[in-house]
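# Structural features, examined
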Amino acid sequence: MPRFVDLSVTLDDVPSERVGVRIRYVDHRAGAEEMARLFGVPASAFPGGLGWAGEELTLITHAGTHMDAPWHYGPMSENGPAARIAEVPLEWCFAPGVVLDFRDKPDGAEIRPRDLEAALEQIGHALRAGEIVLLMTGADRYWGAPDYPDRGSGLGRDGTLWLVERGVRVIGIDAWGMDRSFAVMRAEYEATRARVLSAREAHRARPVAGDGIHGRVLSREGGARGRRLDAGRGDRRLRITRCAIMNDRRFTRRAFVAAASAPLAALAARQARADKLPVTEESHRVQPVQTHVHAPPPGTAPSPSAIERALQQTVGTLRGLRPEEFVRRFDWGKASTLPDGRTLREYEIVAEDRELEVAPGVLFPAWTYNGSVPGPTLRCTQGDRLRIRFRNNSVSEHTIHFHGIHPIHMDGAVEVVKQGGSYVYEFDAEPAGLHLYHCHVPPVALHLSRGLYGAFIIGSRNPRRDRPTELVMVASGWDLDFDERNELYVVNGAANYYRDHPIRIRVGERVRLYFVNMLEHDPINSLHLHATFFRSYRTDAADEVGEYTDIITLCQADRRIVEFAYEYPGTYMFHAHQNKFAERGWMAHFEVVP
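Cut-offs used in this document
- Residues numbered from 1 in each chain as written.
- Predicted model: local features only at pLDDT ≥ 70, side-chain atom pairs only at ≥ 80, totals over all residues.
- Heavy atoms only, no water.
- Pairing = 2+ DSSP bridges.
- Helix = DSSP H or I, 4+ residues; strand = E, 2+ residues; numbered from the N terminus.
- Axes fitted to C-alpha atoms, helices over the stretch in contact; angles between N-to-C directions.
- Patch = residues over 30% accessible without salt bridge, like charges linked within 9 Å, V, L, I, M, F, W, Y side chains within 5 Å.
- Areas by Shrake-Rupley, 256 points an atom, 1.4 Å probe, with all protein chains shown as cover.
- Salt bridge = Lys/Arg side-chain N within 4 Å of Asp/Glu carboxyl O.
- Phe/Tyr/Trp six-rings, centres within 6.5 Å; stacked < 30°, edge-to-face > 60°.
- Buried < 20%, exposed > 50% of the residue type's maximum accessible area, 1.4 Å probe, protein only.
- Lys NZ or Arg CZ within 6 Å of the ring centre and 35° of its normal.
- Polar contact = N/O pair within 3.5 Å; in protein donor to acceptor, adjacent residues only side chain to side chain.
- Contact = heavy atoms within 4.5 Å.
- pLDDT = per-residue confidence, 0-100.
- Lys, Arg positive; Asp, Glu negative; His and termini not counted.

## As for the sheet that holds strand β25 (residues 488–491)
- Read across the open sheet, the 6 strands follow the order β25-β24-β27-β32-β29-β30; overall the sheet is mixed. Unpaired on one side and paired on the other, β25 and β30 (547–549) mark the two borders of the sheet. For this sheet, the mean inter-axis angle between neighbouring strands, taken without regard to orientation, is 25°.
- As defined by bridge partners, strand β24 (residues 469–478) adjoins β25 across 4 bridges and the pair is classed as antiparallel. Pairing of G477 across the sheet is with Y489, part of β25.

What follows is the structure, given as structure tokens:
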């Protein structure tokens, strides 16, 4: 009788993942708030004020245990379209399997046909067509460590073809990939000065197909893959992290070079960066090909009537934006202690091209830091050592310019990072206060108007003892047709979101609002709170004497720390006091409850 074994472990954000897995946990009270917005009732309507609980995952499809599809490596295979997971016969994934032990091979070694023959001879097994081959390299012992992707041996072209020619369609391995590590292949590439990186030979031999399989297939084209596999018999445990379903069509060298050489070279260059790389003006890795795309094709911008309809609609969930989370979220980085006792905070920031829904039904081809606009709100304490690893996955060249005090080669004004390149910014957090960061590649107005900016908060060494509720808002605009005039005015990326989803606070609750103006194409912006006054601090609320007012006016890149408390319950407006801005998306509410 067949015996099924659960081979999975849970997803987690571990150093072994090249692109981190982010998990947002929604407890029952937060679930009630979500349900209240969905069903149009107050959260108190649910028993005990409790709703559903769950998790929200942000991850790439290469995370965790998975199978790779031919389409993942290129659009074509031989003379036809590359196969996607839905085109793979399910019976290929349910078959007898054999484990071959290559733990005696050093990291980066190639598993050749003679090695496969010897391993099969050792266990007295002859391969049969349709069997699944699982390769044990010993890499699974390093799962959870940063160097896991460089561990274990891997298949080359010859070994892959040897298996395929014997009818093997599914191959599993306990390493980060089926091939040898990118560090080894990159070294060979640099030593031979090859024109094309000889990477992923195992995949180049024949295309692979697959998807995130851990009991469920979640997507036809990539999908969440869920969890690592633990498979074995007795004490021969094997952690299978990658599976490949081999297609019948050969993936020719010409097709491989045309479809995959550029992204593979970029990925290998990013892989080459080590944590111990000295931080100098040459710390970045760039690709030789430069592209600078300014605007999408003509005719893709929404019509004026579509924009007007969007401004009148009730805002629901927006694709690519999470304003309800962003307003209260601060990224403190990964903290550790340096030998001198100071705190080191490490951040990962990736420039990516994303299509964002900036108003109901209105899409914009944004340039983003970490997939959204604004980028993450970076948080630290004065004197912390900051290390920001920046990768550029965008079509255009970018940088990060941090407002504050730092050496010139950390300024982000001249260290241009081209497509596929990276750079490490490292400096001490000074001075205390509310700052910002943004791209500084000319034309700077274009890069900012497309979304490359975020807030940057350095807390004082001697903070005030009170602990207010903290919120962050970054004001900006969207030039939807690229004529250098804004059609929408927004806070935290979305038009009218807080108008239809008021921010809830309590009577007497002291609120500290970090407000940054990143509006391009208009000379000034403003913030006005209804029915209350506030203390306004230019950069640092710990040291300055705040102005007492109900409106502030800001030029571009200006910012204020605003502190207030409401005395009476109710729903109160706050918005720009330029009426055009307020009527075109820069309108919001506080819901003040007893």
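Continuing now.
## Details of the sheet that holds strand β18 (residues 378–381)
- The 4 strands are arranged β18-β23-β22-β20 in an open sheet whose pairing can be described as mixed. Because the sheet does not close on itself, it has two edges, and the strands there are β18 and β20 (401–402).
- In this sheet, strand β23 (residues 453–459) lies alongside strand β22 (residues 433–438) in antiparallel orientation, the contact comprising 6 bridges. Each residue of the ladder has a partner; that of Y437, found in β23, is G454.

## Remarks on a nonpolar patch on the surface
- Together, L38, F39, V41 and W52 line one region of the surface with nonpolar side chains, adding up to about 400 Å² of accessible area.
- On the secondary structure map, F39 appears in helix α1 (residues 28–39).

## Details of the packing of aromatic side chains
- Under the definition given, this model contains 21 aromatic pairs.
- The interplanar angle of 15° and the centroid separation of 4.0 Å between the aromatic rings of Y489 and F581 together place this pair among those described as stacked. Linking Y489 in strand β25 with F581 in helix α12 (residues 579–583), this pair joins segments that are 92 residues apart in sequence.
- Overall, the relative accessible area of 1% leaves Y489 in the buried class.
- Ring centres of F564 and Y566 lie 5.9 Å apart, and the angle between their planes is 85°; this geometry places the pair in the edge-to-face category.
- The rings of Y369, F390, F402, Y423, Y425, F427, Y437 and F456 are connected pair by pair, giving a single aromatic cluster.
- The side chain of R151 reaches across the aromatic face of Y142, ending 4.0 Å from its centre.
- One Lys or Arg, R450, reaches over the ring of W367 and ends 4.1 Å from the middle of that ring.

## Section: the side chain of N496
- If you trace the backbone, N496 turns up in the loop between β25 and α11 (497–500).
- By relative accessible area, which is 4% here, N496 ends up buried.
- Within the structure, N496 has its side chain in polar contact with the backbone oxygen of L311 (distance 3.5 Å).
- With sequence-adjacent residues up to four places away left out, N496 is seen in contact with L311, V315, G585, W586 and M587.

## Considering the pairing of strand β19 (residues 385–392)
- When you tally the buried positions in β19, you get 7 out of 8 residues, the bulk of the element.
- Pairing geometry for β19 and strand β21 (residues 422–428), over 7 bridges, is antiparallel. What sits directly across from R387, in β21, is E426.

## Quick look at the confidence of the model for the protein chain
- For the protein chain, the average pLDDT comes to 81, and 78% of its residues sit at 70 or higher.
- With pLDDT under 50 throughout, residues 206–239 is counted as low confidence; its partners more than four residues away or in other chains account for 131 contacts.

## Some details on the pattern of salt bridges
- For the structure shown, the criterion picks out 35 salt bridges.
- E33 is the partner of R504 in a salt bridge, and the nearest nitrogen-oxygen pair spans 3.6 Å. Of the two residues, R504 sits in strand β26 (residues 503–506) while E33 sits in helix α1, which places them 471 residues apart along the sequence.
- Given a relative accessible area of 35%, R504 falls into the partly exposed group.

## Considerations on the environment of F581
- Among the residues examined, F581 registers a relative accessible area of 4% and is labelled buried.
- Spatially, the C-alpha atoms of F581 and N525 are 8.5 Å apart, while their sequence positions differ by 56 residues.
- If we ignore the near neighbours within four places in the chain, the residues touching F581 are Y489, L519, D522, I524, N525, A576 and W586.

## Regarding the environment of G49
- Within the element layout of this structure, G49 appears in the loop between α1 and β2 (54–58).
- Here G49 falls in the buried class, since its relative accessible area comes to 17%.
- Distance in space between the C-alpha atoms of G49 and G31 is 9.4 Å, their sequence separation being 18 residues.
- Sequence-distant contacts of G49, defined by excluding residues within four places in its chain, comprise H28, R29, A32 and A43.

## What to know about the side chain of D540
- Inspection of the secondary structure assignment puts D540 in the loop between β29 (534–537) and β30.
- Put simply, D540 is tucked away with no salt bridge, and the nearest opposite charge, on R512, sits 7.2 Å away.
- With sequence-adjacent residues up to four places away left out, D540 is seen in contact with A432, G433 and I561.

## Overview of helix α4 (residues 157–164)
- Of all 8 residues that make up α4, 6 are buried, and the element is covered over most of its length.
- Of all the positions in α4, only G159, T160, L161, W162, L163 and V164 are classed as buried.

## Observations concerning unusual backbone geometry
- In the segment running from V373 into P374, the intervening peptide bond is cis, with an omega of 0°.
- Cis rather than trans, the peptide bond between E430 and P431 has omega equal to -15°.
- Among the structural elements, P431 can be located in the loop between β21 and β22.
- Residues other than glycine seldom take positive phi values, yet N492 does so here, at roughly 55°.
- The phi torsion at A557 lies on the positive side, around 75°, for a residue other than glycine.
- Looking at the secondary structure, you find A557 in the loop between β31 (551–555) and β32 (559–564).

## Considerations on the pairing of strand β28 (residues 524–529)
- In terms of burial, β28 is largely enclosed, as 5 of its 6 residues are buried.
- Pairing of β28 with β31, which is carried by 5 bridges, proceeds in the antiparallel orientation. Residue H528 lies in a different strand from β31, and its bridge partner there is I551.
- Bridging between β28 and strand β33 (residues 570–575) involves 2 bridges; their strand directions are antiparallel. Bridged to L529 within β33 is F574.

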